[in-house]
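# Residue-level structure breakdown
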Amino acid sequence: MPLRRTAPPPWAVDRRHLLGLRIGELRRAAALSQEQLADRIGVERRTIQRYEAGSRDPRFTDLLLIAAALDASVVDLVREERPPVRREQQGPPSNPPAPASP
């Protein structure tokens, strides 16, 4: 695989590291070894090690296969760290809509 011409920006490196942590967490929760996960998706154990270490980005197809093997969605793997804000935490809107006139 050819190398990138420029280094990825820091935020992309952070997201890759976070993705690796999530893959590792979900793999351990599923009681799978790196070897077992690798066998399920058809890659070498070393590839799973690199994904979990954040030193390599998974291909999209591998990401789909990892999610399926871990009984998770791709969204679970790539979501942002911040938890979603629930409606009751948001408070009232800053500009409430004007009431409709009859």
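Keep in mind that what you see is a predicted model, and the values were worked out from it rather than measured. (Residues numbered from 1 in each chain as written. Predicted model: local features only at pLDDT ≥ 70, side-chain atom pairs only at ≥ 80, totals over all residues. Heavy atoms only, no water.)

### Quick look at the overall build of the protein
This is how it is decided: Secondary structure follows DSSP: runs of H or I at least 4 residues long count as helices, runs of E at least 2 residues long count as strands, and numbering of each begins at the N terminus. Categorising residues by exposure relies on relative accessible area from a 1.4 Å probe, with only protein chains included: less than 20% of the type maximum marks a residue as buried, more than 50% marks it as exposed, and the intermediate range marks it as partly exposed. Two residues form a contact once any of their heavy atoms are found within 4.5 Å. Exposure was quantified through the Shrake-Rupley algorithm and a 1.4 Å probe, taking into account, for residues, occlusion by the shown protein chains and nothing else.
When its secondary structure is counted, the protein shows six helices and zero strands. Mapped from its N terminus to its C terminus, the protein presents α and β elements in the order α-α-α-α-α-α. Counting every position in the protein, which comprises 102 residues, the buried fraction comes to 27%. Counting contacts in the protein only where the partners sit at least 6 residues apart, residues at least 24 apart contribute 59% of the total. Accessible surface, the protein as shown: approximately 8000 Å² in total, 54% of it carbon and sulfur.

### Considerations on the confidence of the model for the protein
Heads up, the condition is: Known as pLDDT, the predictor's confidence for each residue is given on a scale from 0 to 100.
Here the protein averages 83 in pLDDT, while 75% of its residues score no lower than 70. Per-residue pLDDT, averaged within each element of the protein, yields its smallest value for helix α6 (residues 87–90) (46) and its largest for helix α2 (residues 34–41) (97). Scored below 50 in pLDDT, residues 83–93 shows two contacts in the model against residues more than four places distant or in partner chains.

### Considering the environment of serine 73
In plain terms, the rule: We call two N or O atoms a polar contact when they sit within 3.5 Å, provided that within protein one can donate a hydrogen and the other can accept it, with sequence-adjacent residues counted only if both atoms are side-chain atoms.
Within the secondary structure layout, serine 73 lies in the loop between α4 (60–69) and α5 (74–78). Its relative accessible area of 30% is what places serine 73 among the partly exposed residues. Measuring from C-alpha to C-alpha, the distance between serine 73 and leucine 63 comes to 9.5 Å, with ten residues separating the pair along the chain. Among the polar contacts made by the side chain of serine 73, one reaches the main-chain amide nitrogen of aspartate 76 at a distance of 3.0 Å.

### A word on the side chain of arginine 22
Relative to the elements of secondary structure, arginine 22 occurs in helix α1 (residues 10–29). Side-chain polar atoms of arginine 22 contact the backbone oxygen of leucine 77, separated by 3.4 Å.

### Description of the pattern of salt bridges
The cut-off we apply is this: Note on definitions: salt bridges are taken to be side-chain nitrogens of Lys or Arg within 4 Å of carboxyl oxygens of Asp or Glu.
Here the structure, examined in full by the defined rule, presents three salt bridges. Among the salt bridges present, the one from glutamate 52 reaches arginine 27, with a minimum N-O distance of 2.6 Å. Separated by 25 residues along the polypeptide, glutamate 52 in helix α3 (residues 45–53) and arginine 27 in helix α1 bring together distant segments of the chain. Per residue, the accessibility class of glutamate 52 equals that of arginine 27, and both read buried. The partner of glutamate 35 in a salt bridge is arginine 45, with the nearest N and O atoms 3.7 Å apart. Of this pair, glutamate 35 sits in helix α2 while arginine 45 sits in helix α3; the two residues are ten residues apart in sequence, bridging distant segments of the chain. Residue glutamate 35 is classed as partly exposed on the basis of its relative accessible area of 37%.

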